[in-house]
Amino acid sequence: MAPDKLVFVCGKFPCSCVSLDASLSQAASDRASSSVSNDLENNVSSNQMWGGRFAEGPSAIMREINASIPFDKALWRQDIAASKAHVAMLGAQSIISAQDATSIAHGLDAIAAEYEKDGVPEDWDLEDIHMTTESRLTALIGPVAGRLHTARSRNDQVATDFRLWVREAMEQVDSGLEQLQRALVIRASEHADSIMPGFTHLQTAQPVTLGHHLMAYYEMIRRDRSRFADAHLRLNECPLGSAALAGTGFPIDRSATSEALGFSRPTANSLDAVSDRDFALDYLMAAAQCSLHLSRLAEEFIIWASQPFGFVRLPDTLSTGSSIMPQKKNPDAAELVRGHAGRIIGNATALMVTMKGLPLAYSKDMQDDKPPVFDAASLLALSIAAMTGMVADSTFRTARMREAAELGYATATDLADWLVRQADIPFREAHHITGAAVKLAEEKGTSLDALTLGELQAIDPRIDDRVFAALSVDASVASRRSYGGTAPEQVRHQVAQARQQLGMDR
Ligand code: ARG
């Protein structure tokens, strides 16, 4: 940042931070210091939850930088669920009375109803969702609310809430990806025989079927789902009861809270439980990999929809027009999916960098774990939905695809393979002979199968008229019957397997 600039943080999330130049920086610092003096004049007390040893309240800057409520209010459902599990356990273990446990649980239910109806209030002095809820509980049921925090800390509380949130995000991604897979399978089965050019280096390589191309993405998404499932397994241990970092002297039952919250087991080490965020990173890295696949699929649609290709007509519902060029239909949704991948990858990087230098156990840096995850989750959900719609509702222009496959000597490998198989010529020599045939066709401006038998025999007398059957794009595609290959029968096999995996025939 230039030395004469300073960034001042706004109170909103997403934060629209304003970069101020030097003339404004004075105003900013005035604001800061006047807020401090206002605090003192107004006799703002120290924080009610942890302020026992502080003589003064925090400055405005401190309150603003400290507050995570603008974003962690998204955790309110998880926070209340975890508190309810905790208080039920405290009651069952006679750590607090059954009566207190019941009134706390009722208070929490009442707060949930309020949040549902009116949203979560955002008071920076209450810092985060945990203190916001506890403060509201105190207002509703009085000092007994203070018993809820027995045998826990915000450190295990936030680790638990956040795991619950990420777990749900993983489940949502999985069902979105399943929809995308279904769309791919349906379109692949419609187009198991549709011929298009297959590319390497974006140069025509060999003819393939559109179904085969779409099923390639099915496979990528299948692995993405398995990455999320794998991360889900590792995430599903409950940190609650790890307390601040060292566990607690109260006779808590960690298995009970773990089970109540749907975890497989309690975490085994309290220091690890409050200070690692690898579950969030697992999520972000799986999200980054998945967004990368979506971005490549989006890129295919962008290229295919361009006029020189003309392979696909995008659904109107997922395209936009140009404000100046009436003929334009732009693939904006696909471009944004491609763009969002950059942001999702950035979010994964952000959290890795946040975590990399932190000693055990909790440090406040870790409060910054949430915005990248929340941002990635909403970008990913949108990207998946957009690509599902694009796959399901695009019109593939199969005649145009076939035409393109017939250009570019896509069956040259088939001629070489024919020479190997029918004339017992070593592949390297066959490659050479084929090169001469391509050169001649290029000079004549025709396709390979438009060369005459005489012309081909002049290149190599071992060629006979059976060769023409091998030179059509249909013959080429039909011949590639190896497992996983592009032949329509193989594509149908892949589709059948996929339908089984997805339970589509049940
Ligand atoms: N808002 C905090 C966070 O998101 C909660 C944990 C606070 N813990 C603490 N020791 N100050 O990380």
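> Give me the pairing of strand 4 (residues 203–209): which residues, what numbers.
Where strand 3 (residues 195–200) lies against strand 4, 6 bridges are found, and the strand directions are antiparallel. Within the sheet, the bridge partner assigned to Phe-199 lies in strand 4 and is Thr-204. Hairpin connection of strand 3 to strand 4: 2 residues between the antiparallel strands, including His-201 at a positive phi of 60 degrees.

> Report on the site of the ligand, specifying residues and quantitative values.
As a matter of local geometry, the ligand sits amid Ser-68, Asp-72, Asp-128, His-130, Arg-154, Asn-155, Val-158, Tyr-362, Gln-367 and Lys-370. The separation between a nitrogen atom of the ligand and a polar side-chain atom of Ser-68 is 3.2 Å. One of the side-chain nitrogen or oxygen atoms of Gln-367 is found 2.7 Å away from a nitrogen atom of the ligand. The fraction of the free accessible surface of the ligand (350 Å²) that becomes covered by protein chains is 86%.

> Describe in detail the nonpolar core, supporting the description with residues and values.
When a protein is soluble and globular, its nonpolar side chains tend to lie buried together. Membership of the largest hydrophobic core comes to 97 residues, with the highest contact counts inside it found for Phe-228, Tyr-283 and Leu-380. Ranked by residues supplied to this core, first place goes to helix 11 (residues 278–305) with 16 residues. The contacts of Leu-380, once residues within four sequence positions are left out, are Val-173, Phe-228, Tyr-283, Ala-287, Cys-290, Ser-291, Leu-294 and Ile-344. In this structure, Ala-412, Leu-419, Ile-425 and Val-467 belong to the second largest nonpolar core, which totals 19 residues.

> Go over the pattern of salt bridges with me, naming the residues and quoting the values.
Side chains bearing opposite charge may pair, as long as their charged atoms lie close to each other. Under the counting rule described, the total for this entry stands at 37 salt bridges. One salt bridge connects Lys-117 with Asp-118, and the closest N-O pair in it is separated by 3.6 Å. When its relative accessible area of 69% is taken as the criterion, Lys-117 is described as exposed. What makes Asp-118 exposed here is its relative accessible area of 58%. For the salt bridge of Asp-464 with Arg-466, the shortest nitrogen-to-oxygen distance reads 2.8 Å.

> So what about helix 5 (residues 98–118)? Which residues, and what values?
For helix 5, which comprises 21 residues, the first-to-last C-alpha distance of 30 Å matches the rise-based estimate of 30 Å (1.5 Å per residue) to within 8%. Buried residues along helix 5 sit against helix 4 (76–92) and helix 6 (129–141). One or two steps after helix 5, the chain reaches Gly-119, where phi turns positive at roughly 85 degrees.

> Break down unusual backbone geometry for me, with residues and values.
Of note, the amide linkage connecting Leu-360 to Ala-361 takes the cis form, showing an omega dihedral of 0 degrees. Its identity as a non-glycine residue notwithstanding, His-201 has a phi of 60 degrees, on the positive side. Looking at the element boundaries, His-201 is found in the loop between strand 3 and strand 4. When its relative accessible area of 76% is taken as the criterion, His-201 is described as exposed. Of note in this structure, Leu-202 is not a glycine but carries a positive phi near 55 degrees. Positionally, Leu-202 belongs in the loop between strand 3 and strand 4.

> Before we move on, could you go through a nonpolar patch on the surface and cite the residues and values that matter?
Together, Leu-245, Leu-271 and Leu-360 make up a nonpolar patch on the protein surface, roughly 270 Å² of accessible area in all. As for its position among the elements, Leu-245 is in the loop between strand 5 (237–238) and helix 9 (254–260). Among the residues examined, Leu-245 registers a relative accessible area of 38% and is labelled partly exposed.

> Help me get a handle on the environment of His-213, residues and values and all.
Mapped onto the elements of the fold, His-213 is located in helix 8 (residues 210–235). The buried category is assigned to His-213, whose relative accessible area is 17%. Along the sequence, His-213 and His-191 sit 22 residues apart, while their C-alpha atoms lie 9.7 Å from each other. Residues within four places of His-213 in sequence aside, it is in contact with Met-196, Glu-300 and Trp-304.

Conventions used here
- One numbering rule holds for all chains: residues counted from 1, following each sequence as written.
- Restriction of local features to residues with pLDDT of at least 70 applies here, the model being predicted, together with a cutoff of 80 or more for giving and counting side-chain atom pairs; totals for whole chains, interfaces and linings are based on all residues.
- To obtain the side-chain values, all non-hydrogen atoms of the structure were included, while hydrogens and water were left out.
- In this scheme, strands are said to pair when DSSP sees at least two bridges between them.
- Counting from the N terminus, the helices are DSSP H or I runs at least four residues long and the strands are E runs at least two residues long.
- Neighbouring residues are identified by heavy atoms, a residue being near a molecule or strand if any of them is within 4 Å of it.
- Contacts described as polar in this section are N or O atom pairs within 3.5 Å, which, within protein, must combine one atom able to donate a hydrogen with one able to accept it, while residues neighboring in sequence count only if both atoms come from side chains.
- For every accessible area listed, the method is Shrake-Rupley and the probe measures 1.4 Å; residues are considered covered only by the protein chains on display.
- Residues enter a nonpolar core if they are buried and are Ala, Val, Leu, Ile, Met, Phe, Trp, Tyr or Cys, with the set joined through side-chain atoms within 4.5 Å.
- Think of it in three bands: with a 1.4 Å probe and only protein chains considered, a residue is buried below 20% of the maximum accessible area for its type, exposed above 50%, and partly exposed in between.
- Should any heavy atoms of two residues lie within 4.5 Å, those residues are counted as being in contact.
- When a carboxyl oxygen of Asp or Glu lies within 4 Å of a side-chain nitrogen of Lys or Arg, that pair is called a salt bridge.
- A helix is expected to span 1.5 Å for every residue after the first.
- Any residue with relative accessible area above 30% and no salt bridge may belong to a patch, with like charges joined within 9 Å and the nonpolar Val, Leu, Ile, Met, Phe, Trp and Tyr side chains within 5 Å.

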